[in-house]
Amino acid sequence: MPGEATIMSTDHKPVLYTHPMSPHGSIVVDFLAAAGLIDRVEQVVLDFGKGEHKAPAFLAVNPVGQISGLRDGDVTVFESDAIIRYLALRFKSPLFPHHDLARVGLIDSVQTHIRQKAWDHGTGLVFQKVMKKLFTGQDGDPARIEAAEKGLEKTLGFIGDTWFKAGGDWLLGEISTADTTLATLLSNAKRAGYAPSHPRIQAFYAHWRAQPFFAHSPYAKD
Ligand SMILES: N[C@@H](CCC(=O)N[C@@H](CS)C(=O)NCC(=O)O)C(=O)O
């Protein structure tokens, strides 16, 4: 009937195609860890070296040929934020509570803000300081490194000053997908030696790493 949600069969596990070096795979895995869903989704690690992310089998899941991608029976989802929202709705996660539209609006606003304003500074920094050397043998560009670090400081400063108002160390009171997004950004930037200077962001990240579920994060051993 129109307007009625499709009831998904839950006798199979959705399959997440990812790689532990990919922040766009890890952002989904960090969500699964924090949501207590790590055992509800099978993870398949794609081999970049063999070009598995461009192979027809994966292109059928994600036509862009980028990590991450999700197959859930006949359903395919790509773009990591869309995958997080899909899995949160599928498993009715309180980290993105579909029954509370006001809270979903707030969570999605902050999550989207982090992705649009801060995220690329983190991935840019990791590319310049870690990946470029690994893939091309060349050092990173000092001007780009400085710009990325300044960008992170500015955007994380705004995030630190603007949210965390409900008390505690999560952005919006209870833990949400906005927190898991921020945590992945910080874990990824840490791989490039970045540590935020804002005290709220520092407290947030220490709190995140102290959670038992952090053992399931792709960044747990960093
Ligand atoms: N907007 C996409 C970005 C995905 C992305 O850039 N994935 C990278 C790995 S972190 C990738 O697969 N790069 C290989 C390529 O583009 O060929 C998302 O959020 O999922």
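Fair warning: this is a prediction, and the values are worked out from it, not measured in the lab. Residue indices follow the written sequence of each chain, beginning from 1 at its first position. The model is predicted, so local features are restricted to residues of pLDDT at least 70 and side-chain atom pairs to those at 80 or more, both for listing and for counting; the totals for chains, interfaces and linings are taken over all residues.

Observations concerning the packing of helix 4 (residues 101-136) against helix 6 (residues 177-190)
For any two helices packed against each other, one specifies the crossing angle of their axes together with the interaxial distance.
Here is step 1: Running from amino to carboxyl end, helix 4 crosses helix 6 at an angle of 5 degrees, the nearest separation of the two axes being 9 Å. As far as their axial angle goes, helix 6 and helix 4 are roughly parallel. Contact residues: helix 4 offers Ile 107, Val 110, Gln 111, Ile 114, Arg 115, Ala 118, Trp 119, Gly 122, Thr 123, Leu 125 and Val 126, while helix 6 offers Thr 177, Ala 178, Thr 181, Leu 182, Leu 185, Asn 188 and Ala 189. Inter-axis angles, ranging from 0 to 180 degrees, are taken between N-to-C directions of lines fitted to C-alpha atoms, where helices are fitted over the stretch in contact. Put simply, DSSP marks the helices as runs of H or I at least four residues long and the strands as runs of E at least two long, and each gets a number from the N terminus on. Angle categories are assigned with fixed cut-offs, so that under 35 degrees is roughly parallel, over 145 is roughly antiparallel, 65 to 115 is roughly perpendicular, and the rest are oblique. Contact between residues is assigned whenever the C-beta positions, reconstructed from backbone atoms, fall within 7 Å.

Topic: the pairing of strand 4 (residues 75-78)
Here is step 1: The pairing of strand 3 (residues 69-72) with strand 4 spans 4 bridges and is classified as antiparallel. The partner of Gly 69 across the bridge, within strand 4, is Phe 78.
Here is step 2: Hairpin connection between strand 3 and strand 4: a loop of 2 residues separates the two successive antiparallel strands, and Gly 73 in this loop has a positive phi of roughly 60 degrees. Two strands pair under a simple rule: DSSP has to find at least two bridges between them.

As for the domain arrangement of the protein
Here is step 1: Reported domain spans reflect what an automatic or database domain assignment gives. Segmenting the protein into domains produces domain 1 (15-90) and domain 2 (101-214).
Here is step 2: If you average the C-alpha positions of domain 1 and of domain 2, the two centres end up 21 Å apart.
Here is step 3: On the domain 2 side, the residues contacting the 11 residues of domain 1 number 10 residues.
Here is step 4: Going through the elements one at a time, helix 1 (23-34) and helix 3 (80-90) are the ones with two or more residues in the side of domain 1 that touches domain 2.
Here is step 5: With 7 residues, helix 1 is the single largest residue contributor to the side of domain 1 that touches domain 2.
Here is step 6: For this classification, the nonpolar set comprises Ala, Val, Leu, Ile, Met, Phe, Trp, Tyr, Cys and Pro, the charged set comprises Asp, Glu, Lys and Arg, and every other residue, Gly included, is treated as polar. Residues belonging to the side of domain 1 that touches domain 2 are distributed by class as follows: 7 nonpolar, 2 polar and 2 charged.

With respect to the nonpolar core
Here is step 1: Val 28, Phe 31, Leu 32, Ile 114, Leu 182 and Ala 189 are the most contacted members of the largest nonpolar core, which totals 50 residues.
Here is step 2: Elements that contribute at least two residues to this core include exactly strand 1 (15-18), helix 1, helix 3, helix 4, helix 5 (142-162), helix 6 and helix 7 (199-210).
Here is step 3: Here this core spans two domains, since at least three of its residues come from each of domain 1 (15-90) and domain 2 (101-214).
Here is step 4: When near neighbours in sequence (up to four residues on either side) are disregarded, Val 28 contacts Leu 16, Thr 18, Ser 68, Ser 80, Ile 83 and Ile 84. Each nonpolar core comprises buried Ala, Val, Leu, Ile, Met, Phe, Trp, Tyr and Cys residues, the members being joined through C-beta atoms within 7 Å. Three exposure classes are used, based on other C-beta atoms lying within 10 Å of a residue's own C-beta, which is placed from the backbone: buried for 20 or more, exposed for 12 or fewer, and partly exposed in between.

A short note on the environment of Gly 124
Here is step 1: Locating Gly 124 in the fold gives a position in helix 4.
Here is step 2: On the neighbour-count criterion, Gly 124 (20 C-beta atoms within 10 Å) is buried.
Here is step 3: It is 9.3 Å that separates the C-alpha atoms of Gly 124 and Glu 149, two residues lying 25 residues apart in sequence.
Here is step 4: Beyond its immediate chain neighbours, meaning those up to four positions away, Gly 124 contacts Arg 144 and Ala 148.

Some words on the sheet that holds strand 4
Here is step 1: The mixed open sheet is built from 4 strands, whose spatial order is 2-1-3-4. Of all strands in the sheet, those with a lone pairing partner are strand 2 (42-45) and strand 4, marking the two edges. Strand after strand, the sheet turns through a mean of 20 degrees between neighbouring axes, direction not considered.
Here is step 2: Sheet strands in contact with helix 3 are strand 3 and strand 4, and its direction is about 135 degrees off that of strand 4.

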